Amino acid sequence: MSKLLQSTPRADGFHMPAEWLTHQQTWMVWPERCDNWRLGAKPAQQAFVDVARAIARFEPVTVGVSAAQYEHAATRLAQSRDDSKSHDIRVIELSSNDAWMRDTGPTFVINDLGEVRGIDWMFNAWGGLNGGLYFPWDQDDLVARKVLQIERKARYRADFILEGGAIHVDGEGTLLTTEACLLNPNRNPHLSRQEIEAHLSDYLGIDKVLWLPRGIHEDETDEHIDNVACFIRPGEVLLAWTDDREDPQYGLSSAAFDYLSQQTDARGRPLTIHKLPLPAPMYITEEEADAVDPSEGAQPRLAGQRMAASYINFLICNGGIVMPAFDDPMDNVAAEMIASLMPEREVVQVPGREILLGGGNIHCITQQQPLSR
């Protein structure tokens, strides 16, 4: 049983570390709901296997799976480990409503001694009854608590709705987010911008919030930051970009660039902004839409619906980067750019369309746990 703490991380000397610090492991959840993933979730399951396998090249992976899917998932994930140099892929029984570990799992925090604890945010499926993506979400709201119990890490239960994909930090006091998400009335309507910043400071140990106005066009999470921009080191931001002035995304990315160009981080440094190209706009096909089982508990997947494809949605691992590919000419351009900006890491691309069809991508389905000292 993990200890439930009544204080806040900042008060106890803890903060959220940057993603590029050494990980103990990465967490994932197995996809299975047929009203979000097509063809009984089988293509998505293969995509998750591919992601887990790619991450395991660099660090251990734990995958939470329902009782009904446990044996199937364990077999699939075991079969994927054909490289003797790969790290372990652990499979545990863990109930959930869907497979977005970034948003339902804990946000881990550390102190200067290397002790690790976790934040258990309130979760309402990206909007609750006001634009949320599915109902119920009760099992998802328990995922963070269960992960911290499994790892025997002390837990902070926040009185604040937040998803892990809504925040990026540099580990030195600066946080990136979007107004479209955190100021959305379907999250914390009783809190002002200043009160939200105070909560972020208390729980994440940050000193400055950088508010991008918007994220990626048609991002159903109300435009999470992890799809549009991220830190790659202190003072340097990677920003999703298109040169197509006719694309609605051009205005969103331009506004983000203009904003960031005028900002400094928590330590007073101006920001270096790298424009990472986006793939061409991607849309759900009629065949893909028809293969999703409709239900009253989840939003429909409609033919012709634009998907929020972005290469920013990658995971930084121990010595590696696992990023999506979309069978687009920009796949290689984006991978080469990321490799040049972070030459100390090996870039691995994994097909991302099946994950994108469910509403997110590689960063959305993973959550890193920093190494304890």
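Just above, that's the structure.
Source: prediction; values computed, not measured.

Caption draft 1: Local environment of the pattern of salt bridges. Counted under the stated rule, the structure contains 22 salt bridges. Measuring nitrogen to oxygen at the nearest pair gives 2.5 Å for the salt bridge that ties Arg10 to Asp207. Taken together, the residues span a long stretch of sequence, with Arg10 in the loop between strand E1 (4-5) and strand E2 (23-29) and Asp207 in the loop between helix H6 (193-204) and strand E10 (208-212) at a distance of 197 residues. A relative accessible area of 35% means that Arg10 is categorised as partly exposed. Classification of Asp207 by relative accessible area gives exposed; the value is 55%. Residues joined by salt bridges that share partners form a network here, namely Asp120, Asp141, Arg155 and Arg157.

Caption draft 2: Focus on the sheet that holds strand E6 (residues 116-122). Within the open sheet, the four strands sit side by side as E1-E7-E6-E5. Their pairing is mixed. Single-partner strands in this sheet number two, and they are E1 and strand E5 (107-110). With two bridges joining them, E1 and strand E7 (residues 155-161) adopt parallel strand pairing. The residue bridging Leu5 from the neighbouring strand is Tyr156, located in E7. Contacting E5, E6 and E7, helix H4 (residues 140-151) runs over the sheet at an angle of about 165° to E6. Contacting E5, E6 and E7, H6 crosses the sheet at an angle of about 170° to E7.

Caption draft 3: Structural detail: unusual backbone geometry. Cis geometry marks the peptide bond from Phe135 to Pro136, where omega comes out at 0°. For Pro136, the location among the structural elements is in the loop between E6 and H4. Located in the positive-phi region is Trp126, a residue other than glycine, with phi close to 60°. Along the chain, the position of Trp126 falls in the loop between E6 and H4.

The rules behind each value
Here, residues in each chain are numbered from 1, in the same order as that chain's written sequence. For this predicted model, a pLDDT threshold of at least 70 governs which residues receive local features, and a threshold of 80 or more governs which side-chain atom pairs are given and counted, while totals over whole chains, interfaces and linings are taken from all residues. Only hydrogens and water are removed before side-chain values are computed, so all heavy atoms of the structure are retained for them. Within this document, salt bridges are pairs made up of a side-chain nitrogen of Lys or Arg and a carboxyl oxygen of Asp or Glu, the two lying within 4 Å of each other. Going along the chain from the N terminus, every DSSP run of H or I of four or more residues is numbered as a helix, and every run of E of two or more is numbered as a strand. Accessibility here uses a 1.4 Å probe with only protein chains present; expressed as a share of the type maximum, an area under 20% marks a residue as buried, one over 50% as exposed, and anything in between as partly exposed. Between any two strands, pairing holds if DSSP finds at least two bridges. Two residues form a contact once any of their heavy atoms are found within 4.5 Å. Structural elements are reduced to axes, namely lines fitted to C-alpha atoms, with helices fitted over the stretch in contact, and the angle between N-to-C directions of any two is expressed from 0 to 180 degrees.

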